[in-house]
Amino acid sequence: MHIKDEGLWRAVPENITELNINNYRQVWSNTLPITEGIVGKSGGFLTKINITNNSGQTWFLIPNANFLDIARATWITNSKQEEEVIDFSQFHNSSAPQLLHFQVLPIQVDGETNTSIWLYVSAKHFPTLVSLTLYSSADFYRYQTMNNSLSLTAISIMLLLGLLSFLIYTRTGHRIAITCAGYVGLHGVGWAAASGLVNDLFSEIQINWSYAGMYIFPFAIACACQFVSDLFECKNQHLKLAKFLNILTIICTFLGLSMALISFQLSFYVSHILAMIWILVTLSVSVIMMSKKDFRAKYFLIGNLLYSFSLAYYMAAHNKMFGALDNPEAVVLIALSVDCLCIILCLSEWFKLKQIEFNRHFYLSRIDPLTQLGNRYALNETLSNLGEHYFIVYIDFDGLKAINDKYGHAEGDKLIEKGAKLISNLIKPKGTTFRVGGDEFICVLSTSTYADLLSLQQIISQSLIEINSQLKAFWAEAGLSFGIANNQQGNTASECLSLADSEMYKYKQLKIRVETAKQI
Ligand SMILES: Nc1nc2c(ncn2[C@@H]2O[C@H](COP(=O)(O)OP(=O)(O)OP(=O)(O)O)[C@@H](O)[C@H]2O)c(=O)[nH]1
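Residues numbered from 1 in each chain as written. Predicted model: local features only at pLDDT ≥ 70, side-chain atom pairs only at ≥ 80, totals over all residues. Heavy atoms only, no water.

1. Section: the packing of helix α5 (residues 212–231) against helix α8 (residues 264–291)
Selection criterion: Interaxial angle, 0 to 180 degrees, is taken between N-to-C directions of lines fitted to C-alpha atoms, where a helix line uses only the stretch in contact. Under the DSSP-based scheme used, a helix requires at least four consecutive residues in state H or I and a strand at least two consecutive residues in state E, with every element numbered from the N terminus. Note on terminology: angles under 35 degrees are roughly parallel, angles over 145 are roughly antiparallel, angles of 65 to 115 are roughly perpendicular, and the others are oblique. Should the near helix be turned anticlockwise from the far one by less than a right angle, the crossing is termed left-handed; should it be turned clockwise, right-handed. Residues count as neighbours in contact if any of their non-hydrogen atoms are within 4.5 Å of one another. Three classes are used: nonpolar for Ala, Val, Leu, Ile, Met, Phe, Trp, Tyr, Cys and Pro, charged for Asp, Glu, Lys and Arg, and polar for all others, with Gly counted as polar.
At their nearest, the axes of α5 and α8 sit 9 Å apart, and the two run at 20 degrees to each other. With respect to α8, the element α5 is oriented roughly parallel. Judged by the twist between their axes, the crossing of α5 over α8 is left-handed. Counting all contacts with α5, which are made through Met214, Tyr215, Phe217, Pro218, Ile221, Ala224, Cys225 and Val228, the residues of α8 involved are Phe264, Ser267, Phe268, Ser271, His272, Leu274, Ala275, Trp278 and Val285. Grouping the amino acids of the contact of α5 with α8 by side-chain chemistry returns 14 nonpolar, three polar and no charged.

2. Brief notes about the domain arrangement of the chain
Applied cut-off: Domain ranges listed in this record stem from an automatic or a database domain assignment.
When cut into domains, the chain gives domain 1 (2–130), domain 2 (142–364) and domain 3 (376–519). The distance between the C-alpha centroids of domain 1 and domain 3 comes to 94 Å.

3. Some remarks on the sheet that holds strand β10 (residues 389–398)
The following threshold applies: Pairing between strands is defined by DSSP: at least two bridges between the two strands are required.
Reading across the sheet, the four strands line up as β11-β12-β10-β13 and stay open at both edges, with antiparallel pairing between neighbours. Among the strands making up the open sheet, the edge pair consists of β11 (431–435) and β13 (479–486). Between one strand axis and the next, the sheet turns through 20 degrees on average, direction left out of account. As paired elements, β11 and strand β12 (residues 440–447) share five bridges and run antiparallel to each other.

Here is the structure:
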């Protein structure tokens, strides 16, 4: 059964501090019902519900109010003519069932008929029409299960995702992970407080934590601003947006701090205006980023679209025009937890792009741009992972300086490119070629047996002599000198390397002597 707010409540003057039936009767006869409803009001309000015929089962009455500092039900028992009181406010709810977002009054007036239950509620702010809904036991437990499980799941998701981002921050040190933890985690903490979960868990605390959600919200948005700035690398790529988000962060932080000094009612409206501004910001940023083909925005857009729809529903539920809409808190919470999942997906997209960027830099830092062969860094990595049988070839081109001087550097480049191609094609099936200097190349080859190694060494020597002739066919001055050393000759890779180098040097000297002899 649903009892509408209009004309239901009467304002209890502030000077009435004793809450008893006599005072209630006095207020009732001296005041008029508030026909427009108590939405947007604060303070204490009174109503009377007549129970004409009680079947003996327990009924559950839920006032549609998220924040209740005082909630008392009082009646006179027919049998004993005594005043009975049930306090079902945030702090004294041990006898009432736990229902997130609301307070519940269990009504069990055995055998009573024609009883009037006086209901007194007081809060700093009533953001909705405070209608009353009366549930039978079966209906109430069904509603309680649905409401509590949905809300707990959503809050747990937010808190866990916040914790996950925090852990990612401790492992990676990336600022985006901590701004994400603040964004997601503070939403979780805010809703844990606003739903009454904190009070339910720590019932000894005499503070109504359901108000705290509003105070935490601006700080969550401050973190969200910085998260968006980090996500789209605004400081490097979108300076104006970075500035705007920084200003919004400062405003949010200032609002969050100053909320302690203003009335809760004002804080409530400030937080809701901030939520609307934030939705506009997120939707605009995601659309702009999508139009720039920055697909990190895709999850951000989906999550925030969903959140904005739920927020529109929530706002409508707080508006007289739409009346009482079902489960606005659960709707927002579910949408928000999906939004938080999308935010974590944005974070993973950011890390994915960083990984791609890192791989690119890693690759580029190991590649020689002229020949596309590995450089000395890449060689060092290969040398630290050698198999059982290997040999190293040290190659130095002849005549590069002469070609540079005679035909220009571009022609010298052509010699390097052509020579590199011929060498790497020869080596590829069994090993890798690296360019380690202007005209110096090192090849590392491995085989499964020593016998294979010796025969391959023979083949490679022969082929390099052929490449020397091929180069000479293009440039008379060009050629190559090489030296080979295997792992039987040197104990370590660096020993092999120096042996191959000195072999190459000897080979070059020999070639020079032969050339000189020919000229004489
Ligand atoms: N075109 C071109 N020249 C380069 C490049 N890197 C280094 N050089 C030049 O290559 C020349 C190498 O000189 P040298 O070490 O004397 O080599 P060389 O003329 O082949 O003589 P030897 O090695 O003694 O046989 C130097 O003049 C460098 O400036 C490059 O990437 N492109």
